[in-house]
Amino acid sequence: MTIHDTSAIRGMAESVRSRRLRNRLRHAAIQLGIVALVVVLLGMLAYAVKAGLAEKGIRFSFSFLANTAGFDISEGLTLTSGEGFVPNLAQFSSEMSIASAFVTGIFNTAKIALLAIILSTILGTMLGVGRLSTNWVVRNLCFWIVEFVRNTPLLIQLVFWYFAVVLHFPPMASAAKLYGGLIVSQQGIYVPTLSWTGGASTLSLILITATGVSALGAIFDPIRGARRICVGAAVVCLGLLVATGGMIVNFPVANKFKASGGTSISPEMAALLLAVVVSSASFIAETVRGAIDALPKAQWEAAGSLGLSRRDTVNDIILPQVFRVVLPSFGNQYISLTKNTALGIAVGFPDLFNIYGTIANQTGHSLEGIIIVMASYLVLSWIISSSVYWANRRLNPMGVSQ
Amino acid sequence: MKLLKILTAGVFAGVAFTAANASASVLDTVKQRGVLNCGTDNTAPGFGYLNTTTGQIEGLDVDFCKAVAAGVLGDAAKVKFITVTDKSRFDAVLTGQVDVVFAHTTIKPARESSIAIDFLPINFYDGTGLMVKTDAGIKKFADLDGATICTTQGSATETVLAAAFKARGWKDSKVLTYENLEKLFSALNSGRCNAMSTDKSALAAWAGNAPKPADYLILSDTLDKSPFGGFVAANDSKWRNALRWIEYGLFQAEESEITQANLAEKLKSEDPFIQKFLGSNGGGYGKDFGLSDDFMAQAIKAVGNYGEAYDRNLGPKTKMYLDRKGTPNALWTQGGAIYSPLWN
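Of the regular secondary structure elements, chain B holds 14 helices and 12 strands. The C-alpha atoms of chain B give 22 Å as radius of gyration, which agrees with the globular expectation for 344 residues (20 Å, within 12%). In terms of principal-axis extent, the alpha carbons of chain B reach across some 70 × 60 × 40 Å. When each of the 344 residues of chain B is scored for burial, the buried share is 55%. Excluding contacts between residues fewer than 6 apart, the proportion of contacts in chain B whose partners are at least 24 apart in sequence is 70%. Side-chain charges of chain B comprise 36 positive and 37 negative groups, with the mean position of each set lying 5 Å from the other.

What follows is the structure, given as structure tokens:
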């Protein structure tokens with residue numbers, strides 16, 4: 001290579017570099033232009049909306065949030081500032097602010113979404129595994145449940161669950177009383193609760209700690225046999241606690257209109273939960289079934305030749321692999337389930353969207369209200385998707401299925 | 001850059017369009033369109049209800065829509081009924097989906113102050129009542145301490161109930177809200193709701209139309225008064241005034257004993273007051289409101305006077321069985337509160 005050649009190459013390199021720089025500048029300019037255009041357009045849109053609203057005499061302001069609500073909400077807790085500005089949850093009442101009413105709606109939506117996520121995962125996995133069962137009845141039952149539920153609109157299912165099932169529970173006066181004070185009535189499903197009366201007595205404290213430890217063991221102990229022992233231990237400790245008077249059971253007592261004592265699920269919540277859980281579970285079941293089908297058949301054969309029973313194969317070989325794969329699609333299902341809870345309005349469940357309807361009507365600030373509602377759903381969906389992402393990272397540390 | 005220019009022009013045109021739109025009166029829009037878009041309910045017997053035997057929508061609110069169409073466009077058939085719910089009715093008028101709403105709407109300050117609407121005069125005086133199943137053994141409102149009381153979402157009853165509970169210090173009573181009266185009524189029937197609360201006229205209608213009206217008991221308590229009126233978008237006095245005077249005209253027609261039946265005869269009347277009121281001799285009041293001279297004659301031809309419209313939809317001969325006698329819904333000359341300003 002001669003000197004001339006190198007200088008020629010250097011010249012070429014120089015021109016390449018300057019071309020790259022030009023390209024980069026042009027690129028940046030285009031990007032900047034697009035951003036500026038978007039900002040200008042958004043600004044003009046906001047201006048047009050504001051001017052349009054002003055022309056119609058509609059005020060755009062969030063100050064209505066501080067006004068007194070003046071209406072009641074059938075169920076749900078809201079945040080209030082307790083002693084020393086520590087927020088605590090309290091039942092919503094009509095003298096609270098409109099912002100509190102929104103918080104009640106968010107609480108109800110989050111409550112039902114969380115319960116539905118847990119229940120639909122369990123039910124969906126069972127249905128999905130059931131579809132591959134060797135038992136003809138179980139396999140076909142699961143197939144028809146999934147097919148029927150997946151192919152009918154959720155709103156219609158919800159109305160069915162509410163008006164055709166839940167509202168046909170017996171009235172409070174003749175409410176069915178089941179095992180130890182469970183009341184199933186039109187006014188709600190009441191279950192007994194436990195409350196602490198042991199004070200600081202040593203025996204009670206020891207027993208509650210033992211119950212807690214065995215309950216944790218029952219959930220997290222990796223060995224199935226040990227988990228069973230833990231369940232037994234927890235039940236025995238709790239029984240002793242109640243027997244020694246460390247805790248008392250609050251049984252619900254039926255009154256004229258409703259029951260007092262214990263805790264309850266309202267009919268509206270029960271119907272919405274049933275509808276959302278069953279419908280999401282059928283979608284989850286399909287995901288699970290698909291993931292199981294995708295596993296090599298050799299896995300089953302290998303487990304069989306090792307002498308594992310079918311149940312052990314599913315629990316210890318198949319499902320652990322399936323959950324690694326299906327988690328991202330579960331995440332999608334969780335998000336759509338959360339958004340589906342907005343159908344609660346059809347049965348009078350006071351979820352966020354339902355409460356927004358009342359607020360918009362009583363105050364007239366529907367635009368501001370819908371912005372709050374959309375932002376709340378966005379945040380809820382973000383929380384779910386980031387939790388699923390986090391769980392996925394934990395389950396797949398090596399980057400499997402990412 | 002060209003794109004930007006086009007977009008900018010588009011947005012400014014949009015702004016200009018909304019501004020121009022806002023300044024034109026709905027009256028002109030309706031006349032240009034040739035059809036009145038009128039918002040009514042279709043689940044409220046007596047006010048706005050789809051009669052399943054005739055397939056027609058009927059009711060007092062429906063008749064007001066027809067009277068407005070006749071008064072403005074000269075033909076009661078030139079009206080398009082658009083169903084609104086308790087929840088959607090305000091947005092329907094604000095967005096221009098409908099020109100006017102007659103949907104048994106309670107007039108109260110919070111609505112006129114924070115929602116950009118203007119109410120028309122009261123066309124029915126009602127009160128918030130409660131209905132229970134007869135076999136529930138509930139006789140008065142005080143028996144309902146701790147009960148679940150249901151109502152429709154977006155109704156004035158929601159706040160009336162909250163205030164009633166608060167005044168009595170009832171902690172366990174609950175308000176449950178449904179989308180519409182149909183769901184509300186089935187929830188009462190199923191037993192989910194111990195009482196159904198809404199305006200007394202609607203309660204009478206639902207009990208009256210039920211297979212066995214004796215199964216229901218409307219409590220004598222009235223929780224609060226509930227005056228009904230139609231409403232239009234705010235800041236359009238031309239439109240609002242035209243509608244107000246058509247409504248007052250129906251009151252005045254009853255007072256002046258002009259009916260659907262004797263209208264033809266009254267049009268030939270030599271009485272200068274009647275001539276001016278009906279515009280039969282030219283030079284009525286219509287021109288000043290941007291209407292035709294005979295606008296009241298058209299409205300009366302379509303639905304009759306207020307008393308006729310009332311009796312046809314709500315009176316003792318209907319299932320509603322709401323007698324006007326002794327109520328504010330009677331004409332002022334008979335001790336009621338239906339009163340038209342002076343036509344002179």
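Text resumes after the structure shown.
The next point concerns the interface of chain A and chain B. Contacts between the two partners involve 41 residues from chain A, matched on the other side by 50 residues from chain B. A buried area of about 3800 Å², summed over both sides, lies between chain A and chain B, and 54% of it is on carbon and sulfur atoms. The interface formed by chain A and chain B includes one salt bridge. A salt bridge links Glu268(A) to Arg192(B); its shortest N-O distance comes to 2.7 Å. Elements represented by at least two residues in the side of chain A that touches chain B include exactly α1 (3–55), α4 (154–165), α7 (267–294) and α10 (352–363) of chain A. Grouping the constituent residues of the side of chain A that touches chain B by class yields 17 nonpolar, 16 polar and eight charged.

On to the pattern of salt bridges, then. If you walk through the whole model with that rule in mind, you get 15 salt bridges over all chains. In this structure, Glu147(A) and Arg150(A) form a salt bridge, with 3.3 Å as the shortest nitrogen-oxygen distance. Note that Glu147(A) and Arg150(A) are positioned in helix α3 (residues 136–150) at a spacing of three residues, about one turn of the helix. A relative accessible area of 29% means that Arg150(A) is categorised as partly exposed. Ionic pairing is found between Arg324(B) and Glu254(B), a salt bridge with its closest N-O pair at 2.8 Å. Residue Arg324(B) is located in the segment after α14 (306–313), and its partner Glu254(B) is located in helix α9 (residues 237–255); the two are separated by 70 residues in the primary sequence. A relative accessible area of 9% means that Arg324(B) is categorised as buried.

This part covers the packing of aromatic side chains. All names here are of chain B. Counting across every chain of the model gives 31 aromatic pairs over all chains. Each ring, one from Phe119 and one from Phe231, has its centre 5.7 Å from the other, and the planes form 75°; the classification is edge-to-face. With Phe119 in strand β7 (residues 117–133) and Phe231 in strand β12 (residues 224–233), this residue pair connects regions lying 112 residues apart in the sequence. Side by side, Phe119 and Phe231 carry an identical accessibility label, which is buried.

Before going further, it helps to examine the confidence of the model for chain B. Summary statistics for chain B give a mean pLDDT of 88 and a share of 93% for residues scoring 70 or more. For residues 11–20 of chain B, every residue scores under 50 in pLDDT, and the model assigns this stretch six contacts once sequence neighbours within four places are set aside.

Residues and elements named next belong to chain A. In the contact formed by α3 and α7, the axes pass within 9 Å of each other and the chain directions differ by 120°. By the criterion of interaxial angle, the relationship of α3 to α7 is oblique. Crossing handedness for the pair α3 and α7: left-handed. Residues Val146, Val149 and Arg150 of α3 lie in contact with α7, whose contacting residues are Val278, Ser279, Ser282, Phe283, Ala285 and Glu286.

Let us look at the pairing of strand β3 (residues 48–51) of chain B. Residues and elements named next belong to chain B. Inspection of the sheet shows strand β2 (residues 43–44) paired to β3 by two bridges, in the antiparallel sense. In the sheet register, Ala44 faces β3, and the bridge partner there is Gly48. Remark: three residues form the turn of the hairpin made by β2 and β3, two consecutive strands paired antiparallel; Gly46 in that turn has positive phi of roughly 90°. Bridge count for β3 against strand β4 (residues 56–58) is three bridges, and the pairing is antiparallel. Residue pairing in the sheet places Asn51 in a bridge with Gln56 of β4.

Going through the model one piece at a time under the given rule, you end up with two disulfides over all chains. Each disulfide pairs two cysteine sulfurs, and for Cys38(B) the partner residue is Cys65(B), the sulfurs being separated by 2.0 Å. Taking the torsion about the sulfur-sulfur bond, which here is approximately -65°, the covalent link between Cys38(B) and Cys65(B) counts as left-handed. Of this pair, Cys38(B) sits in strand β1 (residues 36–40) while Cys65(B) sits in helix α3 (residues 60–73), and the two are 27 residues apart along the sequence. The exposure class assigned to Cys65(B) is buried, which follows from its relative accessible area of 0%. No disulfide involves Cys237(A); its sulfur sits 10 Å from the nearest other cysteine sulfur, which is in Cys230(A). Relative accessible area serves as the criterion here: at 13%, Cys237(A) is assigned to the buried category.

Definitions and limits used
- Residues numbered from 1 in each chain as written.
- Chains lettered and ligands numbered in written order.
- Predicted model: local features only at pLDDT ≥ 70, side-chain atom pairs only at ≥ 80, totals over all residues.
- Heavy atoms only, no water.
- Helix = DSSP H or I, 4+ residues; strand = E, 2+ residues; numbered from the N terminus.
- Rg over C-alpha atoms; globule rule 2.2 N^0.38 Å.
- Buried < 20%, exposed > 50% of the residue type's maximum accessible area, 1.4 Å probe, protein only.
- Contact = heavy atoms within 4.5 Å.
- Lys, Arg positive; Asp, Glu negative; His and termini not counted.
- Charge placed at Lys NZ, Arg CZ, Asp CG, Glu CD.
- Buried area = accessible area lost by both parts, 1.4 Å probe.
- Salt bridge = Lys/Arg side-chain N within 4 Å of Asp/Glu carboxyl O.
- Nonpolar A, V, L, I, M, F, W, Y, C, P; charged D, E, K, R; others polar.
- Phe/Tyr/Trp six-rings, centres within 6.5 Å; stacked < 30°, edge-to-face > 60°.
- pLDDT = per-residue confidence, 0-100.
- Axes fitted to C-alpha atoms, helices over the stretch in contact; angles between N-to-C directions.
- Parallel < 35°, antiparallel > 145°, perpendicular 65-115°, else oblique.
- Left-handed = near helix turned anticlockwise from the far one by under 90°.
- Pairing = 2+ DSSP bridges.
- Disulfide = S-S within 2.5 Å.

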